[in-house]
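# Working through the structure, step by step
Listed here are the chains, written in short residue letters.
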Amino acid sequence: MFVLLNSDVWACTQVQQAVYDPQTYYASVSGLQGNALKAALNDIIKNHTRYDYSPCTWEILKQADEHPADPNSVIGIYTRRAILKTDRDQGGNTPDYWNREHVWPKGHGFPNSGQYAYTDTHMLRASDKSVNADRGNRDFASGGIQHSECTGCYYTADTWEPPDAVKGDIARIMFYMVVRYEGSDSSSTPDLELVDNTTASGQPLMGELCELLQWHIDDPVSAAETGRNGVIYSWQGNRNPFIDHPEYALPIWGAECGIVIAEEEDNDIPFPLWMNLLLLPGIIFIQKMFHGRRK
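The structure displayed is predicted, hence computed values, not measured ones.

Attention now goes to the nonpolar core. Among the nonpolar cores identified, the biggest contains 58 residues, and Leu41, Trp104 and Phe175 are the most heavily contacted of them. For this core, the elements supplying multiple residues, two or more each, are α1 (34–45), α2 (53–64), β7 (124–128), α4 (167–180), α5 (209–218) and α8 (249–253). A total of nine residues in this core trace back to one element, the largest contributor, which is α4. Once residues within four sequence positions are removed from consideration, Leu41 is found in contact with Tyr26, Val29, Val179, Pro241, Phe242, Tyr248 and Ile252. Residues Cys12, Tyr51, Ile60 and Trp235 belong to the second largest nonpolar core, which totals seven residues.

Take a look at the structure:
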């Protein structure tokens, strides 16, 4: 263990985690599909090291969301704007300071800071304070009115669309939350689920599933996202499987969105999942044309 101190003389003790071995970490899920895959991933990533909301999540986000071109700043998840790490929200009239965005809103299943999901930094992101407030508890979906401060952000009364550059990041965060929190462990967090419609505050549900799955396909994992996953792992001791293995998403949720993973006719051996991800944008386009599935 070691202690980190910031300029506010806050202290946070980081628990030393095991070295990540990509060859063994996901070995138990080999060959699994659907709910069996989801359950096996939960077994791997549950029971992570929990940190207090303050001061620790501030310190973790300073590392995880550091601006790639400015080590003195974090990058806002929606605005993509550099904000000085010292410009941290401490109340008052500071709309351009940064605070902690719950990508899965805490009002959707975990309103108390003692619940593990509340402080899970795989889901927390540095965000412009006023944009975070405007996003509120809205579900994720495309369309609406252009936001005045966030280029590429659109909103309706019920939904929020982030910029194209982070749509896949958002989707993979939401997938992580559904798999991590099954309501059957000591995390004091209920079973979280994604549905393909808008939801009401207070429910442990978020939408819209099929839109998020499309964002996941259209916006592949970036080097920055992979790096962030490593930073969070060094603190919490668990990883986001959908960053390490984006191909895991379709076997779990693809069928709910009308996406069938292609198989070889002769020997019934599935195509490599990375190939399915390359082919899917065209497949989904055809589905939309002929079946009118999406709005």
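This brings us to the environment of Ile83. Examined against the element boundaries, Ile83 turns out to sit in strand β5 (residues 82–84). Judged by relative accessible area, Ile83 falls into the buried class, the value being 3%. In the structure, Ile83 is positioned 13 residues away from Asp70 in sequence and 9.4 Å away in space, judged by C-alpha atoms. Residues within four places of Ile83 in sequence aside, it is in contact with Ser73, Val74, Asp96, Tyr97, Trp98 and Asp128.

This brings us to the packing of aromatic side chains. This model, assessed by the stated rule, comprises 14 aromatic pairs. Each ring, one from Tyr25 and one from Tyr26, has its centre 4.8 Å from the other, and the planes form 85°; the classification is edge-to-face. Residues Tyr25 and Tyr26 agree in their burial class; the two are buried. Put simply, the rings of Tyr20, Tyr25, Tyr26, Tyr233 and Tyr248 touch in pairs and so form one group of aromatic residues. Sitting over the face of the ring of Trp58, Arg88 holds its NZ or CZ atom 4.7 Å from the ring centroid.

Helix packing geometry: the angle between the two helix axes and the distance between the axes. Two elements in contact, α1 and α4, have axes separated by 8 Å at closest approach and are oriented at 85°. The pairing of α1 with α4 is recorded here as roughly perpendicular in orientation. Contact with α1, carried on its side by Lys38, Leu41, Asn42 and Ile45, involves Tyr176, Val178, Val179 and Arg180 of α4 and no other residues of that element. Among the residues forming the contact of α1 with α4, the class breakdown is five nonpolar, one polar and two charged.

Okay, the environment of Ser201 next. Secondary-structure assignment places Ser201 in the loop between β12 (193–194) and β13 (205–206). The spatial distance from the C-alpha of Ser201 to the C-alpha of Pro105 is 8.7 Å, given a sequence separation of 96 residues. Side chain to side chain, Ser201 and Asn137 meet in a polar contact 3.4 Å long.

Spatially, three strands are ordered β3-β4-β5 in an open sheet, and the strand pairing comes out antiparallel. Of all strands in the sheet, those with a lone pairing partner are β3 (66–67) and β5, marking the two edges.

Looking now at the environment of His108. Mapped onto the elements of the fold, His108 is located in the loop between β6 (98–102) and β7. Not counting residues up to four positions away in its chain, the partners in contact with His108 are Asn137, Leu192, Thr199, Ala200, Ser201, Gly202, Gln203, Pro204, Leu205 and Met206. A distance of 3.4 Å separates the side chain of His108 from the backbone oxygen of Gln203, its partner in a polar contact. Separated by 2.8 Å, the side chain of His108 and the backbone oxygen of Leu205 make a polar contact.

Strand order in the open sheet formed by four strands is β8-β11-β10-β9, with mixed pairing between adjacent strands. Among the strands making up the open sheet, the edge pair consists of β8 (139–140) and β9 (145–146).

Moving on, we get to unusual backbone geometry. The amide bond that connects Ser54 to the next residue, Pro55, takes the cis arrangement and shows omega of 10°. Across the junction of Gly207 and Glu208, the peptide omega takes the value 0°, indicating a cis bond. Looking at the element boundaries, Glu208 is found in the loop between β13 and α5. One non-glycine residue, Arg80, lies in positive phi territory at about 65°. Counting through the fold element by element, Arg80 comes out in the loop between β4 (70–75) and β5. You can call Arg80 partly exposed: its relative accessible area is 32%. Positive phi is not limited to glycine here, since Ser188 has a value of about 60°.

About the criteria used
Residues numbered from 1 in each chain as written. Predicted model: local features only at pLDDT ≥ 70, side-chain atom pairs only at ≥ 80, totals over all residues. Heavy atoms only, no water. Core = buried A, V, L, I, M, F, W, Y, C linked by side-chain atoms within 4.5 Å. Buried < 20%, exposed > 50% of the residue type's maximum accessible area, 1.4 Å probe, protein only. Helix = DSSP H or I, 4+ residues; strand = E, 2+ residues; numbered from the N terminus. Contact = heavy atoms within 4.5 Å. Phe/Tyr/Trp six-rings, centres within 6.5 Å; stacked < 30°, edge-to-face > 60°. Lys NZ or Arg CZ within 6 Å of the ring centre and 35° of its normal. Axes fitted to C-alpha atoms, helices over the stretch in contact; angles between N-to-C directions. Parallel < 35°, antiparallel > 145°, perpendicular 65-115°, else oblique. Nonpolar A, V, L, I, M, F, W, Y, C, P; charged D, E, K, R; others polar. Polar contact = N/O pair within 3.5 Å; in protein donor to acceptor, adjacent residues only side chain to side chain. Pairing = 2+ DSSP bridges.

Coordinates in, geometry out; function isn't part of it.
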